[in-house]
Amino acid sequence: MMDLHLHDAAATDALGALLARTQPAEAIVFLEGDLGAGKSTLARAWLRALGVDGAIRSPTYTLVEHYPLAAGGKALHLDLYRIAGARELEFLALDDAGASLWLVEWPERGAGGLPPPDLAVALAVDGAGRSARLLGVSAVGIAWVRRMTETGVCDALLTSEGRKSSQTTDP
């Protein structure tokens, strides 16, 4: 687990770029947090860092946006805020999506109908900035966070609490 402080939009963009640069070949990421916490901003920065050109729209009304990635593969950006439950996911044809990256906002609304995450990113308003907690959920996600910790790529964004928690080892 890593606790980070994003003091401004540029720091959120930097985190998106770091996550893009360090992500495994395939990853499912849950983006959690209240309205205005920065989920779409982080997703947009992440996709931009992966070479997505043109408009990166928030999927608030479309529920899912598909993006071809510069290095090959496809990313899905889902915003499940407007669905009532996992039953509605079947209409999005996600089984045939073949995506190498899933960025899922409001994943709790699709509970039981989504694949399990590798990484959960919890965002919250923190003064004038944002806090971000990165939690590896699967073995792939735990290794991802551990790799980020060991290489120090997020050191500038770590909170003092984050420095303590990132030094602990996962069982």
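Residues numbered from 1 in each chain as written. Predicted model: local features only at pLDDT ≥ 70, side-chain atom pairs only at ≥ 80, totals over all residues. Heavy atoms only, no water.

Participant: Before we move on, could you go through helix α3 (residues 139–151) and cite the residues and values that matter?
Facilitator: An α-helical turn contains 3.6 residues, so a residue and the one three or four places further along point in the same direction. Between its first and last C-alpha, α3 extends 18 Å over 13 residues, near the 18 Å set by a 1.5 Å rise per residue. Residues of α3 that are buried: Gly141, Trp144, Val145 and Met148. Along the axis of α3, the buried residues cluster in a sector spanning 90°; they form a single face. Facing away from the buried surface of α3 by more than 90 degrees, the exposed residues are Ala139, Glu150 and Thr151. Against β1 (2–6), α1 (9–22), β2 (27–32), α2 (39–49), β6 (119–126) and β7 (129–136) lie the buried residues of α3. Between the side-chain oxygen at the start of α3 and the backbone nitrogen of Val140 there is a gap of 3.3 Å, and the oxygen is on Ser138. Residue Gly152 follows α3 closely and has a positive phi angle near 75°. (Helix = DSSP H or I, 4+ residues; strand = E, 2+ residues; numbered from the N terminus. Expected span 1.5 Å × (residues − 1). Buried < 20%, exposed > 50% of the residue type's maximum accessible area, 1.4 Å probe, protein only. Arc of directions from axis to C-beta. Contact = heavy atoms within 4.5 Å. Polar contact = N/O pair within 3.5 Å; in protein donor to acceptor, adjacent residues only side chain to side chain.)

Participant: Residue-level account of the nonpolar core, with values.
Facilitator: With 34 residues, the main nonpolar core has Leu15, Leu19, Val29, Trp46 and Leu134 as its most contacted residues. Taken together, the elements giving at least two residues each to this core come down to β1, α1, β2, α2, β5 (101–105), β6, β7 and α3. Among the elements that take part in this core, α1 stands out by supplying five residues, more than any other. Setting aside anything within four residues of it in sequence, one finds Leu19 in contact with Leu42, Trp46, Leu119, Leu134, Trp144 and Met148. Phe30, Leu80, Ile83 and Leu89 belong to the second largest nonpolar core, which has 16 residues in total. (Core = buried A, V, L, I, M, F, W, Y, C linked by side-chain atoms within 4.5 Å.)

Participant: Describe the packing of α1 against α2, with residues and values.
Facilitator: Axis separation between α1 and α2 bottoms out at 7 Å; the angle between their running directions is 50°. Overall, the two elements α1 and α2 adopt an arrangement that is oblique. Handedness of the crossing formed by α1 with α2: right-handed. Touching Thr12, Asp13, Leu15, Gly16, Ala17, Leu19 and Ala20 of α1 are Thr41, Leu42, Ala45, Trp46 and Ala49, all from α2. (Axes fitted to C-alpha atoms, helices over the stretch in contact; angles between N-to-C directions. Parallel < 35°, antiparallel > 145°, perpendicular 65-115°, else oblique. Left-handed = near helix turned anticlockwise from the far one by under 90°.)

Participant: Describe the packing of aromatic side chains, listing the residues and the values that go with them.
Facilitator: On inspection of all chains with the given rule, the structure shows two aromatic pairs. Their ring planes at 75° and their centres at 6.1 Å tell us that Trp46 and Trp144 sit as a pair that is edge-to-face. With Trp46 in helix α2 and Trp144 in helix α3, this pair connects stretches of sequence that are 98 residues apart. For Trp46, a relative accessible area of 0% gives the class buried. With a centroid separation of 4.8 Å and an interplanar angle of 55°, the aromatic rings of Tyr81 and Trp106 are classed as tilted. Taken together, the positions of Tyr81 in the loop between β4 (74–79) and β5 and Trp106 in the loop between β5 and β6 put the pair 25 residues apart, joining distant regions of the chain. Taking the ring centre of Trp106 as reference, the NZ or CZ of Arg109 above it sits at 5.7 Å. (Phe/Tyr/Trp six-rings, centres within 6.5 Å; stacked < 30°, edge-to-face > 60°. Lys NZ or Arg CZ within 6 Å of the ring centre and 35° of its normal.)

Note that all results are geometric; they support no functional claim without further evidence.
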